[in-house]
Amino acid sequence: MRIEREQQEPARQEGVRQDAQDERRRPAFRPDVEGLRAVALGLVLLYHAGVPWFPGGYVGVDVFFVVSGFLITGLLLREAERHGKVSLLRFYGRRARRLLPAAAVVVLAVCLAAWQWMPPLERRNVAADAAGAALYVTNWQQAGRAVDYSAADAEASPLQHYWSLAVEEQFYLAWPLLVLAVLWTFRTARRGPLARFGLRARLAVALGALAAVSFVHAMRLSAEEGGVAYFSTFTRGWELAVGGLLALVPAAAWRRALPAPRPGAPAGGALTAGGLAAAGLAAAGLAAVAYAGLRFDDATRFPGPWGLLPVLGTAAVIAAGCGLAAHPVGRLLSVPPLRYAGRISYSWYLWHWPAVVFVPLALDREVPVRWMLVVVAAAALPAALTHRLVEEPVRRARVLLPTPRALGVGAACTAVTVLVAAGSWISAPTIALASADQARGAAALTDEEQPQKSAKALRPLPEKATEDRGKVHDDGCLAGQQETESGDCAYGNTGGTDTVVLFGDSHAIQYAPALEKVTERRGLRLVTLTKSACTPAQVTVFNNQLQRTYTECDEWRDHALERIEAESPDLIITGTQDVKTVVEDGKRLSGKESAKAHQKGYEETMDDLLDTGATVLTLADNPYPPEDIPSCVSGAVRDLEDCAFSEADGYGYEPVSARANAKFDEVGLIDPKPVMCKDGTCPAVIGNVIVYRNGAHITASYMETLTDWLDGQLPRVT
C-alpha cells in the first residue's frame with residue numbers, strides 16, 4: 001500500500017499543478033459573456049418596443065441576472081483565494097464607481113423630461129420613483145403596485161425598469177456578507193466535519209441552499225401572487241445564484257468536461273470532442289433562451305417554474321465557455337458588434353425605457369411598433385455617450401481608486417438624486433380644495449349648457465383622488481383579492497327589517513357613497529357584498545394582478561349567493577366592470593369570446609337572484625376614460641376640455657351588463673350615462689368635482705352628488 005501511494009503521489013502532484021495552470025489560464029474577461037449581454041439586451045428591447053413575435057422578451061432580464069451572479073461570484077472568489085479575505089468596502093466601492101454615476105445621470109434626465117412633458121401629478125409620481133431608484137428599492141415599489149388594484153390602470157413609470165437593477169444591488173449587498181461568513185468557517189473549522197471541505201465547496205453548499213429556498217419560494221409565490229413574484233428579490237435570488245454556482249466550479253472539472261485540443265494541433269481545424277460538446281451546450285442554451293423569448297407571454301407562471309428555461313439556457317452558454325476549448329457559438333458571441341452592444345448594455349438598458357415612455361408624450365400620439373423599434377435602437381446614442389463620458393471615466397479614474405473616495409462618489413450620486421427628486425415633488429403646482437358649496441357635481445351637468453372649461457378649486461384634489469373611495473370602501477367592505485368571504489358590512493338603518501343588498505365588484509361598491517345616503521334616508525338596511533376585481537357573473541376570470549386564474553372569486557361568489565339567500569333582501573343591486581378576461585378549460589378567451597361568456601354567466605346569476613323573490617336591479621357600467629383623469633386634470637385646470645373624452649371612446653367596450661339585463665323584463669337597469677356624459681362628451685370635471693379617481697372608477701365625491709339621482713332610480717320596497 002505504501003509503494004502504491006508513493007507511485008500515485010507524482011501523478012497527484014502533476015494533477016494539482018495542472019489544475020493551478022488551468023486556473024491561471026482561465027480568462028478573467030469573457031468576450032462571449034459580453035456578447036451574451038447583447039443578446040439579453042436585444043430581447044428586452046424587442047419586448048418593450050412591442051414586437052409581437054417576442055412576447056417573452058422580458059427573459060432578457062433573467063439572462064442579465066445569471067451573468068451578474070457569475071461575474072460577481074468569480075470576482076469575490078478570486079479575491080478570497082488570493083488574499084484569504086474579501087474587502088467589503090473595496091467591493092462596494094467598485095460597484096459604486098461602476099453603477100451609480102450612470103444610473104444617477106439617467107434618473108436626473110428623467111426628472112427633467114417629466115417636468116417638460118408630464119402633468120404635475122405624474123411629475124410627483126416620477127419624483128417618488130426617482131427616490132426609489134436612487135435607493136435601489138424600485139422592485140419593492142413595483143411589487144406594492146402589483147397587489148394594489150387601485151394602481152392597476154396607472155400610467156407606466158419611466159423608471160420602473162430600475163426594478164431589475166434594485167434586485168442586483170440587493171444581491172451585491174448580501175452576497176459578499178455570505179462569502180465572508182463562509183470564509184470565517186473556513187478559518188475556524190480546522191477540525192470536524194467541515195474540515196474536509198474547501199472554500200469552493202462550502203460556498204457551493206451555502207449558495208445552493210439559498211438557490212433552492214429561493215426557487216421553491218418563487219414557485220409558490222408565482223402560483224399565488226404572480227405580480228409580486230415577478231419583482232421580489234427573494235424569488236429572483238436563485239437566478240443570480242445559478243450564475244454564482246457556475247463560477248465556483250474549478251478549472252479541473254471544466255478541463256475534464258470540455259477538454260482543449262492537444263498541444264500542437266492546428267488552429268481552426270476540426271472541432272475536438274471538447275469543442276463539439278461546448279458548441280452543442282452553447283447552442284442548446286441559446287435555443288432555450290430564444291424559445292422563452294418567442295413562446296412565453298405575460299400569462300406564463302414566472303419566475304417559477306418557467307424561469308428555469310432561460311436561466312439554465314444562459315448557464316449552459318456560460319458553461320460552454322468555461323473550458324479551454326474554443327467553439328463556434330463562443331466565436332459568434334464574440335464578434336465586435338455584439339461585444340460593443342454588450343459593453344454599453346448597462347447604459348442602453350437605462351436609457352431605452354425612458355425613451356419608450358417619453359417619445360409618445362413628446363409627440364402627443366401613439367407610436368407604432370416599427371417606429372418604436374427605431375426609438376429603442378436610437379437609445380444607443382445616449383447610451384454610448386453615457387458609457388464613454390460617465391461610466392468609463394469614473395470607473396477608471398485613478399483619483400477615485402481609493403475606497404473612501406469611491407464610496408463618496410456613490411453617496412454623492414444617491415444624495416443628489418434624492419434631493420432632485422424631493423425638489424421635483426415639492427415644486428409640482430397644486431390647486432385649492434373646493435368647498436362643499438363649490439363642489440356642485442352632477443347638478444352642474446344639468447344646469448350648464450357647456451362642460452366646465454376651467455377650475456380654481458377642485459374636490460377631491462388630483463393628488464388625493466385615488467384615495468377618494470368613500471366610507472364603505474375604507475371600512476374594508478370591498479373584499480381583498482385573496483379573501484373568499486365578505487365581512488358583516490351593514491349601513492343605513494342597520495336595525496331595519498327591509499334590506500337592500502349591493503352585490504358585485506369595485507364598479508358596484510363605487511355606488512355605496514350615494515346608496516348609503518339613500519338607504520339611510522328611506523330607513524333601509526344596506527348590506528354590501530363586494531370583492532375586488534370579482535364579477536357576480538358565474539364565470540371564472542383571469543386576475544391581472546395575481547397573474548393567474550382567479551379561484552378566490554369563484555369561492556367568494558358562492559358564499560355571497562348563500563349570504564343573499566340567507567338575508568332574504570327586498571332589493572338586490574348588482575354591478576360589475578364589463579371588461580373581464582374569462583378562463584375556460586384553463587385557457588384565456590379573446591375579448592369578444594370573454595364578453596359572450598361573461599354575459600351568459602351574468603344571466604345565470606340574474607336567474608339565481610330572481611329566485612330569491614327580491615326586486616333585482618342591474619348597474620350598467622360607466623365610461624372608461626382613455627387616460628388617467630386625476631393626472632390629466634392636475635395639468636389642465638385652465639383647459640379642462642383637454643381631459644374630456646367622447647362617448648364613443650368611453651363606451652368602446654362590449655356592454656355586458658346591459659345586454660344581460662335586456663334578457664329579463666323583470667330586472668331593472670340603472671344607466672349612469674346621463675349623469676356622466678352630455679351631448680356626446682364625457683367631462684373629467686363636473687361642477688368642480690373630479691369624476692374619476694383612477695381608471696374607470698368614480699370618485700366618492702362625485703358619487704355623493706348623485707344621491708338624488710340614484711334615489712329616483714330605485715323602486716320603493718316598503
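Please read these numbers as outputs of a predicted model, since none were measured by experiment.

Trainee: I keep staring at the overall build of the chain and nothing clicks. Help me out?
Mentor: Of the regular secondary structure elements, the chain holds 31 helices and 19 strands. For the chain, the spread of C-alpha atoms along the principal axes amounts to about 105 × 55 × 50 Å. Within the chain, buried positions represent 53% of all 718 residues. For the chain, long-range pairs separated by at least 24 residues make up 80% of all intrachain contacts whose partners lie at least 6 apart in sequence. Taken as a whole, the chain presents about 32000 Å² of accessible surface, with 57% of it coming from carbon and sulfur. The distance from the centre of the 71 positive side-chain charges to the centre of the 77 negative ones in the chain is 18 Å.

Trainee: For this particular structure, what's the right way to read the packing of aromatic side chains?
Mentor: Centre-to-centre distance and the angle between the planes together describe a pair of aromatic rings. Tallied over the entire structure, the rule returns 21 aromatic pairs. Ring plane angle 45 degrees and centroid distance 5.7 Å describe the contact between W140 and F234, whose orientation is recorded as tilted. Taken together, the residues span a long stretch of sequence, with W140 in helix α6 (residues 138–146) and F234 in helix α10 (residues 233–248) at a distance of 94 residues. For W140, a relative accessible area of 35% gives the class partly exposed. Ring geometry for F296 and W306: centres 6.1 Å apart, planes at 70 degrees, overall edge-to-face. Of the two residues, F296 sits in the loop between α12 (273–295) and α13 (308–320) while W306 sits in the loop between α12 and α13, which places them 10 residues apart along the sequence. The exposure class of W306 is partly exposed, given its relative accessible area of 48%. Connected via pairs of aromatic rings, a cluster forms that spans Y47, Y58, F65, W163, Y230, F231, F296, F302 and W306. Taking NZ or CZ as reference, R95 lies 5.4 Å from the ring centre of Y172, over its face. Over the aromatic face of F542 sits the side chain of R588, whose NZ or CZ is 4.3 Å from the ring centroid.

Trainee: How do you make sense of the pairing of strand β6 (residues 525–531) when you look at a structure like this?
Mentor: In regular strands, side chains alternate between the two faces of the sheet. Burial of β6 is extensive: seven of the seven residues sit out of reach of the surface. Side chains R525, V527, L529 and K531 project from β6 onto one buried face, and the interleaved L526, T528 and T530 project onto a second face that is buried too. Looking at chain direction, strand β3 (residues 478–479) and β6 are connected through two bridges and run parallel. Residue pairing across strands places L478 opposite T530, the latter belonging to β6.

Trainee: Which parts of the structure should I look at to understand α6?
Mentor: What sets the pattern is the α-helix's 3.6 residues per turn: residues three or four places apart point alike. Restricting attention to buried positions, one finds in α6 the residues T138, N139, Q142, A143 and A146. End-on view of α6: buried residues confined to an arc of 140 degrees, all on one side of the axis. Against the buried residues of α6 lie α5 (120–134), α7 (162–188), α9 (226–231) and α10.

Trainee: Teacher, can you tell me more about the environment of D628 here?
Mentor: Relative to the helices and strands, D628 resides in the loop between β12 (615–619) and α26 (629–634). Setting aside anything within four residues of it in sequence, one finds D628 in contact with E122, E155, N694 and G695. Polar contacts involving the side chain of D628 include one to the main-chain amide nitrogen of S631, which spans 3.0 Å.

Trainee: In this structure, what is going on with the packing of α5 against helix α19 (residues 403–427)? I would like to understand it.
Mentor: Where α5 meets α19, the axes come as close as 8 Å, and the angle between the chain directions of the two elements is 165 degrees. The angle between α5 and α19 places the two elements in the roughly antiparallel class. Classified by chirality, the crossing of α19 by α5 is left-handed. Between α5 and α19, the residues in contact are R124, A127, A128, A130, A131 and A134 and T414, T417, V418, A421, S424 and W425, respectively.

Trainee: What should I look at first to understand the pattern of salt bridges in this one?
Mentor: Proximity of charged atoms lets side chains of opposite charge pair with each other. On inspection of all chains with the given rule, the structure shows 26 salt bridges. A salt bridge links D32 to R30, with the nearest nitrogen and oxygen atoms 2.8 Å apart. Residues D32 and R30 agree in their burial class; the two are buried. The salt bridge partner of R521 is D708, with a shortest N-O separation of 3.3 Å. With R521 in helix α23 (residues 512–522) and D708 in helix α31 (residues 707–713), the pair connects residues that are 187 residues apart, well separated along the chain. According to the relative accessible area criterion, R521 is partly exposed, its value standing at 49%. For D708, a relative accessible area of 55% gives the class exposed. Each of the salt bridges in this network shares a partner with another, and the network as a whole consists of R521, R522, D708 and D711.

Parameters at a glance
Residue numbers here run from 1 along each chain, matching the order of that chain's written sequence. The model is predicted, so local features are restricted to residues of pLDDT at least 70 and side-chain atom pairs to those at 80 or more, both for listing and for counting; the totals for chains, interfaces and linings are taken over all residues. In computing side-chain properties, one takes all heavy atoms of the structure into account and sets aside hydrogens as well as water. Secondary structure follows DSSP: runs of H or I at least 4 residues long count as helices, runs of E at least 2 residues long count as strands, and numbering of each begins at the N terminus. Under the scheme applied here, a residue whose accessible area is under 20% of the maximum for its type counts as buried, over 50% as exposed, and between as partly exposed, the area being computed with a 1.4 Å probe on protein chains only. Contacts are residue-level and defined by heavy atoms, with any inter-residue pair within 4.5 Å sufficient. Only the protein chains shown count as cover for residues, and the accessible areas themselves come from Shrake-Rupley with a 1.4 Å probe. Charge counting follows a simple rule: Lys and Arg are positive, Asp and Glu are negative, and His as well as the terminal groups are ignored. Each charge is placed at NZ for Lys, CZ for Arg, CG for Asp and CD for Glu. Only centres within 6.5 Å qualify two rings of Phe, Tyr or Trp (six-membered ring in Trp) as a pair; their planes then separate them into stacked at under 30 degrees, edge-to-face at over 60, and tilted for everything else. When the NZ atom of lysine or the CZ atom of arginine is within 6 Å of a ring's centre and also within 35 degrees of its normal, the charge is said to sit over that ring. Here, any two strands with at least 2 DSSP bridges between them count as paired. By construction, the arc corresponds to the directions joining the helix axis to the C-beta atoms. The definition of a polar contact used here is a pair of N or O atoms within 3.5 Å, where within protein one atom must be able to donate a hydrogen and the other to accept one, and adjacent residues in sequence count solely through side-chain atom pairs. Convention adopted: a line fitted to C-alpha atoms gives each axis, helices being fitted over their contacting stretch, and angles between N-to-C directions are expressed from 0 to 180 degrees. Angles below 35 degrees are treated as roughly parallel, those above 145 as roughly antiparallel, those between 65 and 115 as roughly perpendicular, and all remaining angles as oblique. Each crossing is labelled by how the near helix is turned from the far one, with a counterclockwise turn of less than a right angle marking it left-handed and a clockwise turn marking it right-handed. Each reported salt bridge corresponds to a side-chain nitrogen of Lys or Arg within 4 Å of a carboxyl oxygen of Asp or Glu.

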